[in-house]
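For reference, the chains in residue letters:
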Amino acid sequence: MDKPALDERLKICASLVRESARLADVGTDHAYLPIRLLKSGKISYAVASDINEKPLKSGESNAKLYGVKNIEFRLGAGLNPIKAEDKITDIVIAGMGGEIISGIIGESPLTKDKRINLILQPMTRSEELIKFLYKNGFEIEKQKCVICKGKCYTVLSARFTENSPETDDVFPYLGKLDLNDEINRIFAQIQIRNLENKSKGNSSLLPIIEKIKKRLV
Ligand SMILES: C[S@@+](CC[C@H](N)C(=O)[O-])C[C@H]1O[C@@H](n2cnc3c(N)ncnc32)[C@H](O)[C@@H]1O
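Residues numbered from 1 in each chain as written. Predicted model: local features only at pLDDT ≥ 70, side-chain atom pairs only at ≥ 80, totals over all residues. Heavy atoms only, no water.

Engineer: Would you explain the pattern of salt bridges in this entry?
Structural biologist: Opposite charge on two side chains permits them to pair, given that their charged atoms come into close proximity. Scanning the model with the defined rule gives 17 salt bridges in all. One salt bridge in this structure joins glutamate 162 and lysine 114, with 2.7 Å as the shortest N-O distance. Separated by 48 residues along the polypeptide, glutamate 162 in the loop between β7 (151-160) and α6 (171-174) and lysine 114 in the loop between α4 (98-107) and β5 (117-122) bring together distant segments of the chain. Exposure remark for glutamate 162: the relative accessible area of 55% places this residue in the exposed category. (Salt bridge = Lys/Arg side-chain N within 4 Å of Asp/Glu carboxyl O. Helix = DSSP H or I, 4+ residues; strand = E, 2+ residues; numbered from the N terminus. Buried < 20%, exposed > 50% of the residue type's maximum accessible area, 1.4 Å probe, protein only.)

Printed below as a string of structure tokens:
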């Protein structure tokens, strides 16, 4: 078997993993991401973990199917299955809600290692994740958006810096997105639509909507 195909979301995650990284893929499920990165030679070692046995088993059978070695499958919540001797450099947490991703980051001291590259792909509530990151000393390094199966997602890489740079009330919604990019603009429009729905019960959100609209002009 050659390499598994990655969907557009996971392609962006893969592009943000550093060359020769030692990867932890948290919530790996099918394990396509580490399998692909190992087969292409971009990385040399991965721990693929999942809180549930069934997805972990599907990842294990895919690794066998694609003949991939240097991958360890471990059952457990968040980063609990990762050991110091794994010498992890890059962590991917993809395909979960922004609040779950925040919880996983907040619960593990490992994420506070300034050398670790966190690659995060929230399916929902990316603004909660960005708020969490900036409240807790993490900074976004790169951020992009992608359309996958008809939905628009943001993917970001972040690192613990201990700093708390000042941000405004729009920042959680757009992060560091370059609004000259067409897909990023689509994401911003979706954020406006979500905010408009929420603002029906919360008029304090209206100024944020106006600020995002101005940035799109
Ligand atoms: C939708 S799948 C995403 C799979 C893959 N990461 C992707 O993006 O395509 C989410 C996976 O995360 C796992 N999961 C959910 N919460 C978790 C947690 N706290 N720790 C580890 N795995 C978790 C689920 O069991 C599931 O297999």
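Engineer: Looking at this structure, how should I read the sheet that holds β7?
Structural biologist: Backbone-to-backbone hydrogen bonds join strands into a sheet, with any given pair of strands oriented parallel or antiparallel. Strand order in the open sheet formed by 7 strands is β3-β2-β1-β4-β5-β7-β6, and the pairing between neighbours is mixed. Two strands close off the open sheet at either side, each with one partner strand: β3 (71-75) and β6 (138-148). Each adjacent strand pair in this sheet contributes to an overall mean axis angle of 15°, direction not counted. The sheet contact formed by strand β1 (residues 22-26) and strand β4 (residues 90-96) spans 4 bridges and is parallel. Across the sheet, valine 26 pairs through a bridge with isoleucine 93, a residue of β4. On top of the sheet, helix α1 (residues 8-16) reaches β4, β5, β6 and β7; it is set at about 150° to β6, its chief contact. Along the sheet, helix α7 (residues 182-199) makes contact with β6 and β7, crossing β6 at roughly 95°. (Pairing = 2+ DSSP bridges. Axes fitted to C-alpha atoms, helices over the stretch in contact; angles between N-to-C directions. Contact = heavy atoms within 4.5 Å.)

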